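A closer look at the structure
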Amino acid sequence: MMVKVFAVLLVVTNWVLSVAILWMTILVYEQRVDRCATEELSVLFALPQIRASMPDSPAFGAFIDIAGYFMNVGLVSICTSILLFSQLQYHYQSAVTTSVKLTLSQQAAFLLGQE
């Protein structure tokens, strides 16, 4: 009985962490906060360890993995990717702006080094 309670507690912990990461992603995406992605990456690497700490853990692919592991890892992976790309977009914005607007063909010629 105690092992089942502990297993359910681990699944609930996985879902709480995943929903927290989803909430942080929503806040960053709406530009309410500026965050680094270290928390998300740490949760992404912690989920397999939480799964491995389950006593008498079944082989991978059991129902508990589908409900409490694979979906969590997928959700946290997507959220972490979104946060990493938003950080890249935020940190690598153009420092100099100009009023000159180039057409698409002019931009392509510039990038290719053609006159």
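Residues numbered from 1 in each chain as written. Predicted model: local features only at pLDDT ≥ 70, side-chain atom pairs only at ≥ 80, totals over all residues. Heavy atoms only, no water.

1. Notes on the environment of Ala7
Spelled out, the test is: Counting from the N terminus, the helices are the DSSP runs of H or I reaching at least four residues and the strands are the DSSP runs of E reaching at least two.
As for its position among the elements, Ala7 is in helix 1 (residues 2-29). Along the backbone, Ala7 and Gly68 are 61 residues apart, and their C-alpha atoms lie at a distance of 9.9 Å.

2. Thoughts on the packing of helix 1 against helix 2 (residues 38-52)
Heads up, the rule is: The axes used here are C-alpha line fits, helices contributing only the stretch in contact, and every angle between their N-to-C directions lies in the interval 0 to 180 degrees. Orientation categories follow fixed angle ranges, with anything under 35 degrees roughly parallel, anything over 145 roughly antiparallel, 65 to 115 roughly perpendicular, and all other angles oblique. Left-handed describes a crossing whose near helix is turned anticlockwise from the far helix through less than a right angle; right-handed describes the clockwise counterpart. In what follows, a contact means two residues having at least one pair of non-hydrogen atoms within 4.5 Å. Under the scheme applied, nonpolar residues are Ala, Val, Leu, Ile, Met, Phe, Trp, Tyr, Cys and Pro; charged residues are Asp, Glu, Lys and Arg; polar residues are all the others, including Gly.
Where helix 1 contacts helix 2, the axes come no closer than 11 Å and their chain directions differ by 165 degrees. By the angle between their axes, helix 1 is roughly antiparallel relative to helix 2. Pair helix 1 / helix 2 crosses with left-handed handedness. Residue-level contacts link Leu10, Thr13, Asn14, Leu17, Ser18, Ile21 and Met24 of helix 1 to Glu39, Glu40, Val43, Leu47 and Ile50 of helix 2. Looking at side-chain class alone, the contact of helix 1 with helix 2 contains 7 nonpolar, 3 polar and 2 charged residues.

3. What about the nonpolar core?
The test is simple: The criterion is simple. A nonpolar core is a set of buried Ala, Val, Leu, Ile, Met, Phe, Trp, Tyr and Cys residues joined through side-chain atoms within 4.5 Å. The cut-offs for exposure are 20% and 50% of the maximum accessible area for each residue type, with area from a 1.4 Å probe on protein chains only; residues under the lower value are buried, those over the upper are exposed, and the others partly exposed.
Judged by nonpolar contacts, Ile21, Met24, Val43, Leu44, Leu47, Val76 and Cys79 together constitute the single largest core of 7 residues. Secondary structure elements with two or more residues in this core: helix 1, helix 2 and helix 3 (63-91). A total of 3 residues in this core trace back to one element, the largest contributor, which is helix 2.

4. Some words on the confidence of the model for the protein chain
Which entries qualify depends on this criterion: On a range of 0 to 100, pLDDT expresses the predictor's confidence in each residue.
Summarising the model, the protein chain shows a mean pLDDT of 78, and 83% of its residues fall at 70 or more. Here helix 2 stands out as the element of the protein chain with the lowest mean pLDDT, 78, in contrast to helix 1, whose mean of 84 is the highest.

5. Topic: the environment of Trp15
Turning to its location among the elements, Trp15 is positioned in helix 1. Put simply, Trp15 and Tyr69 are 54 residues apart on the chain and 8.7 Å apart in space, counted from C-alpha to C-alpha. Excluding anything up to four places from it in sequence, Trp15 contacts Ala67, Gly68, Met71 and Asn72.

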